[in-house]
Amino acid sequence: MWFQFIVGVIALLVIVLAVFAPKQFKVLLTLCYYNPIGIYQHFVPPPRKSVKDDIILITGGAMGMGAIMGERFGKLGAKIVLWDIQEKQLEETVDKLKEGGIQAWGYTCDVSDRNKIYEVAKRVKSEVGEVSMLINNAGIMCGRRLLETSDETIEKTMQVSLLINN
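These figures come from a predicted structure and were not determined experimentally.

Asks: Sorry if this is basic, but what is going on with the overall build of the protein chain here?
Replies: On a plain count of helices and strands, the protein chain comes out with six helices and four strands. Secondary structure elements of the protein chain occur, N-terminal to C-terminal, as α-α-β-α-β-α-β-α-β-α. Here the protein chain, with 166 residues, has 27% of them falling under the buried criterion. Residue pairs in contact within the protein chain that sit at least 24 positions apart in sequence constitute 59% of those at least 6 positions apart. Of the roughly 12400 Å² of accessible surface on the protein chain, 61% is carried by carbon and sulfur atoms.

Right, dumping it as C-alpha cells:
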C-alpha cells in the first residue's frame, strides 16, 4: 500500500516537473538514465577487441614504447611490423620478439620521407599482408631548448611528428 502511494507521488512530481520545468526535467531524466549505465559499465566493462592475427604496424618500433607495444600486441597474437630509422636496434628488437614466439618483421624507414613511406608500405603489403592497425609512435627527441636547436632539427621534428599523419 505504501509502495503504491510513494510511486504515485513520484509519478505526480515527474509530471509536474515535465510540465512546469522542462529543462530541469530533461536533466533529471538524463541523470536517471545515464548514471545506472555508467555504473554498470564501470563494473562490467565491454569485452576487449581481439587483435589475434591482426597485422599491426608500429612506427618508431626499434626501442622504447614502440618495442614495448610490439611485444604486448605480439603476446596477444598479433603479427607485428616495426618501422624505424635505426637499423641495428630494429634488428635486435625483431630478433627479441621472434625469440619470444611473436611473428615480427622489421623495415628500415625514414617516416619523414613520403616516397620512402610509399615504397616500404608496398613491400609490407606484399611480404606480410594488409595492415589492419597503425600505431604512429615515431618521434624525435633532441633534448635541447628551442633556441639552442638548429633549424634542420626543428624541421625534421615537424616532418616526423606532424606531417606523417597526412
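Still more to cover.
Asks: Hey, could you run me through the nonpolar core in this one?
Replies: One broad trend across soluble globular proteins is that nonpolar side chains are buried collectively. Formed by 15 residues in total, the largest nonpolar core has its most connected members in Ile56, Ile58, Phe73, Ile80 and Leu82. Elements represented by at least two residues in this core include exactly β1 (55–59), α3 (64–75), β2 (79–84) and α4 (87–99). Per-element accounting of this core gives the leading share, three residues, to α4. In this view, isoleucine 80 contacts Ile56, Ile58, Gly70, Phe73, Gly74, Leu97, Ile102, Gln103, Ala104 and Trp105; residues no more than four positions away in its chain are not counted. Of all hydrophobic cores here, the second largest spans 13 residues; its members include Ile55, Trp83, Ile117 and Ala138.

Asks: Would you explain α4 in this entry?
Replies: What sets the pattern is the α-helix's 3.6 residues per turn: residues three or four places apart point alike. The terminal C-alpha atoms of α4, which comprises 13 residues, lie 18 Å apart, in line with the 18 Å expected from a rise of 1.5 Å per residue. Taken as a whole, α4 has its buried residues at Leu90, Thr93, Val94 and Leu97. All buried residues of α4 fall inside an arc of 100° around its axis, so they share one side. Away from the buried face of α4 by more than 90 degrees, exposed residues Lys88, Lys96 and Glu99 are located. Those residues of α4 that are buried are in contact with α3, β2 and β3 (104–108). Looking one or two places after α4, you find glycine 101, whose phi comes out positive at around 85°.

Parameters at a glance
Residues numbered from 1 in each chain as written. Predicted model: local features only at pLDDT ≥ 70, side-chain atom pairs only at ≥ 80, totals over all residues. Heavy atoms only, no water. Helix = DSSP H or I, 4+ residues; strand = E, 2+ residues; numbered from the N terminus. Buried < 20%, exposed > 50% of the residue type's maximum accessible area, 1.4 Å probe, protein only. Contact = heavy atoms within 4.5 Å. Areas by Shrake-Rupley, 256 points an atom, 1.4 Å probe, with all protein chains shown as cover. Core = buried A, V, L, I, M, F, W, Y, C linked by side-chain atoms within 4.5 Å. Expected span 1.5 Å × (residues − 1). Arc of directions from axis to C-beta.

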